[in-house]
Amino acid sequence: MSALGVAGDARPVLITGGAGFIGANVADRLAAAGERVIVYDNLSRDGVSRNLAWLRARHGDRIEVEIADVRDGARVARAVERAGHVFHFAAQVAVTTSLVDPLDDFDVNGRGTLNVLSAVRQASDPPSLLFTSTNKVYGALADVPLEPRAGRYVPFKPDLREDGVAEDAALDFYSPYGCSKGCADQYVLDHARIYGLRTCVFRMSCIYGPRQLGTEDQGWVAHFVRRALAGETISIYGNGLQVRDALFVEDLVDAMQLARRGLAQRRANVVGQAFNIGGGPPHAVSLLELLERIAAALGSRPELKFGPWRPGDQRYYVSNTGKFRKATGWSARVGLDEGLERLVAALRGDEGLEQQASPRAASAGGLEAAVR
Ligand SMILES: NC(=O)c1ccc[n+]([C@@H]2O[C@H](COP(=O)([O-])OP(=O)(O)OC[C@H]3O[C@@H](n4cnc5c(N)ncnc54)[C@H](O)[C@@H]3O)[C@@H](O)[C@H]2O)c1
């Protein structure tokens, strides 16, 4: 028998992209609490089958696996029909790859999301849905005045410095990936408005932690740690002063469970809402600062190579998570040093996880390509 879970629904939870980094962490949390999970994934990301094997070994038949594509509307509809909640994570996740093949990027992120939404809308008892969007929907934020100060960019405006970027920042889809995710983000919100579905959107910045398959294209914290562990040179595009707010995946899973409960309870401050989700100002770090911390954690300093800035890169992005905190009481708890320590332990295999070999990047991007 399946546990009711935070939403009080005994139906399984469907996770598209459930074999990926965030999906595997969410699936693990749910299955550990006795819930049944349908992992729906086409295994297109290099190395994710290891996450799947790990989930099955830990949870047996609480993890049901559907090797399928979100572009296959009929398969999506069959899986959605059985679900009490949908975490829609499956995506083409890298800006770099989206530049190489924007049509494919749109097919997966735009049309794939519309497939999932249509299945939810047409289900006999529509499940709730949480979609993972991105800070890239706010574009390059090039008009934000910044000054370089002690290893990082610092915004001039005190409210931005203290609180970060809020959801009322202007949408400015940048790059094919920004456009396809932004389009999906808007469809998800509109489906709450126009069809009365219980959906919400997380606009996430930089998530990191165990099970992350970081490459140069996406997942830069794990990518840095892997390269540093292997004694390999790390490429930085720009000057390394660019700032992101890092969020440990366990804190993200907490936030997702709170959102799921809010959707189940049809709370107006969750349904149809977009939330900026990241570590926020307390977990903001520049690339150079992060590399310092990694060096301290490993006891050795990686070699750095600098390249030119890339178009569209955000010099400063830190999430203002106040709206979500107000709606649910959530805040990030795991500090950067602890999170890094746990990531390093996972990548070294100290937590009984197999050492994950460095997965292949889909294109020859550099670090700035990875800072998404
Ligand atoms: N990790 C981050 O820092 C971050 C930041 C912002 C947004 N996001 C978003 O969060 C979600 C999860 O990201 P992640 O870091 O876990 O990525 P991931 O690449 O580890 O996981 C994505 C999963 O989706 C699967 N997938 C890809 N295309 C598919 C398709 N057509 N059909 C079915 N499955 C498919 C992949 O095989 C993979 O297992 C994505 O939507 C991503 O855009 C992540």
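So, a few notes on the structure that sits alongside this text. The structure presented is a predicted model; accordingly, all values stated were derived computationally and were not measured.

### Remarks on the pairing of strand E7 (residues 152-155)
- Sheet analysis places strand E6 (residues 146-149) next to E7, joined by 4 bridges and oriented antiparallel. Each bridged residue has a counterpart across the sheet, and for Pro148 the counterpart in E7 is Tyr153.
- Here E6 folds back onto E7, and the loop between the two strands holds 2 residues, one of which, Ala150, carries a positive phi near 40 degrees.

### Quick notes on the sheet that holds strand E12 (residues 274-277)
- Strand order across the open sheet formed by 7 strands is E3-E2-E1-E4-E5-E8-E12, with parallel pairing between neighbours. Lying at the two open borders of the sheet, with one neighbouring strand each, are strand E3 (63-67) and E12. Shown here is a sheet whose adjacent strand axes are inclined to one another by a mean of 20 degrees, direction ignored.
- Where strand E5 (residues 128-134) lies against strand E8 (residues 199-204), 6 bridges are found, and the strand directions are parallel. Following the sheet pairing, Phe131 is matched in E8 by Val201.
- Helix H3 (residues 73-81) rests against strand E1 (13-16), strand E2 (37-41), E3 and strand E4 (85-88) of the sheet, and its axis sits at about 165 degrees to E2.
- Relative to the sheet, helix H9 (residues 249-264) contacts E1, E4, E5, E8 and E12, its axis offset from that of E8 by approximately 160 degrees.

### Comments concerning the layout of surface pockets
- Approximately 1,100 Å³ is the volume attributed to the largest pocket.
- In terms of lining residues, the largest pocket is bounded by 48 residues, among which Arg45, Ala91, Gln92, Val93 and Gln218 are the most central.
- Within the residue set of the lining of the largest pocket, elements represented by two or more residues are helix H1 (21-32), E2, helix H4 (95-100), helix H5 (102-122), E5, helix H7 (175-195) and strand E9 (206-208).
- Classifying every residue of the lining of the largest pocket gives 20 nonpolar, 16 polar and 12 charged.

### What to know about the site of the ligand
- Not every one of the 29 residues close to the ligand is listed here, only the nearest: Phe21, Asp41, Arg45, Phe89 and Lys181.
- Ser44 has a polar backbone atom sitting 3.1 Å from an oxygen atom of the ligand.
- At 3.2 Å, a side-chain N or O of Thr132 approaches an oxygen atom of the ligand.
- Compared with its free state, where it exposes 830 Å², the ligand has 97% of that area covered by protein.
- Spatially, the ligand is embedded in the largest pocket.
- Those elements that place two or more of their residues in the shell around the ligand are H1, E5, H7 and E9.

### Considerations on the environment of Arg348
- With respect to the element layout, Arg348 can be found in helix H12 (residues 336-348).
- The exposure class of Arg348 is partly exposed, given its relative accessible area of 41%.
- C-alpha separation for the pair Arg348 and Val225, spaced 123 residues apart in sequence, amounts to 10.0 Å.

### So, the packing of aromatic side chains
- Scanning all chains against the criterion turns up 9 aromatic pairs.
- Aromatic pair Tyr153 and Trp309: ring centres 6.5 Å apart, planes at 40 degrees, arrangement tilted. Remark: Trp309 occurs in the loop between strand E14 (304-307) and strand E15 (316-317) and Tyr153 occurs in strand E7; sequence separation between them is 156 residues.
- The class for Trp309 is partly exposed, based on a relative accessible area of 28%.
- With a centroid separation of 4.9 Å and an interplanar angle of 70 degrees, the aromatic rings of Phe275 and Phe324 are classed as edge-to-face. Of this pair, Phe275 sits in strand E12 while Phe324 sits in helix H11 (residues 322-328), and the two are 49 residues apart along the sequence. Pair check on accessibility: Phe275 and Phe324 agree, each one buried.
- Sitting over the face of the ring of Trp309, Arg315 holds its NZ or CZ atom 3.6 Å from the ring centroid.

### Examining the side chain of Arg244
- Here Arg244 lies in strand E11 (residues 243-248).
- Polar contacts involving the side chain of Arg244 include one to the main-chain carbonyl oxygen of Gln314, which spans 2.8 Å.

### Regarding helix H8 (residues 220-229)
- Within H8, 8 of the 10 residues are buried, which leaves the element mostly enclosed by the surrounding structure.
- Restricting attention to buried positions, one finds in H8 the residues Trp220, Val221, Ala222, His223, Phe224, Val225, Arg226 and Ala228.
- Two residues or fewer past H8, Gly231 is found with a positive phi of approximately 70 degrees.

### Concerning the packing of H1 against H9
- It is at 10 Å that the axes of H1 and H9 come closest, and there the two elements cross at 65 degrees. Judged on the interaxial angle alone, H9 and H1 are roughly perpendicular. Every pair of crossing elements has a handedness; the one defined by H1 and H9 is right-handed. For the pair formed by H1 and H9, the contact residues are Phe21, Ile22, Asn25, Val26, Arg29 and Leu30 on the first element and Val249, Glu250, Leu252, Val253, Asp254, Met256, Gln257 and Arg260 on the second.
- The residue makeup of the contact of H1 with H9, split by class, is 8 nonpolar, 2 polar and 4 charged.

Parameters and conventions
Residue numbers here run from 1 along each chain, matching the order of that chain's written sequence. With pLDDT at 70 or above as the cut-off, local features in this predicted model cover only qualifying residues; side-chain atom pairs require 80 or more to be listed or tallied, and sums for whole chains, interfaces and linings still use all residues. With hydrogens and water set aside, each side-chain value is computed from the structure's full complement of heavy atoms. Two strands qualify as a pair provided that DSSP identifies no fewer than 2 bridges between them. In this text, helices come from DSSP runs of H or I with a minimum length of four residues, and strands from runs of E with a minimum of two, each type numbered from the N-terminal end. Between the N-to-C directions of two axes lies an angle of 0 to 180 degrees, each axis being a line fitted to C-alpha atoms and, for a helix, fitted only over the stretch in contact. By definition in these notes, contact holds between two residues if any of their heavy atoms fall within 4.5 Å. Think of a 1 Å grid over the protein atoms and nothing else: a 1.4 Å probe that fits but is trapped marks a cavity, an open set flanked by protein within 12 Å on at least five of seven lines marks a pocket, and residues with an atom within 4 Å of a point count as lining. Grid points are joined across faces, edges and corners, and a volume is the space filled by probe spheres set on the points. Classification used: nonpolar for Ala, Val, Leu, Ile, Met, Phe, Trp, Tyr, Cys and Pro, charged for Asp, Glu, Lys and Arg, polar for all others including Gly. Note on definitions. A residue lies near a molecule or strand when any single heavy atom of the residue is within 4 Å of it. Two N or O atoms form a polar contact when they lie within 3.5 Å of each other; inside protein one atom must be a possible hydrogen donor and the other a possible acceptor, and for residues adjacent in sequence the pair counts only when both atoms belong to side chains. Only the protein chains shown count as cover for residues, and the accessible areas themselves come from Shrake-Rupley with a 1.4 Å probe. Assignment to a cavity or pocket requires that more than half of a molecule's atoms be within 2 Å of the site's grid points. Three labels apply to residues, based on accessible area from a 1.4 Å probe with only protein chains included: buried if under 20% of the type maximum, exposed if over 50%, partly exposed otherwise in between. In this scheme Phe, Tyr and Trp rings, the latter by its six-membered ring, pair at centre separations within 6.5 Å, and the angle between planes marks the pair as stacked below 30 degrees, edge-to-face above 60, and tilted otherwise. Both a distance and an angle decide whether a charge sits over a ring: NZ of Lys or CZ of Arg must be within 6 Å of the ring centre and within 35 degrees of the ring normal. Orientation is classified from the angle alone, with under 35 degrees giving roughly parallel, over 145 giving roughly antiparallel, 65 to 115 giving roughly perpendicular, and any other angle giving oblique. Crossings are sorted by hand: turned counterclockwise from the far helix by less than a right angle, the near helix makes the crossing left-handed, and turned clockwise it makes it right-handed.

In short, the description is geometric, and any link to function would need to be established separately.
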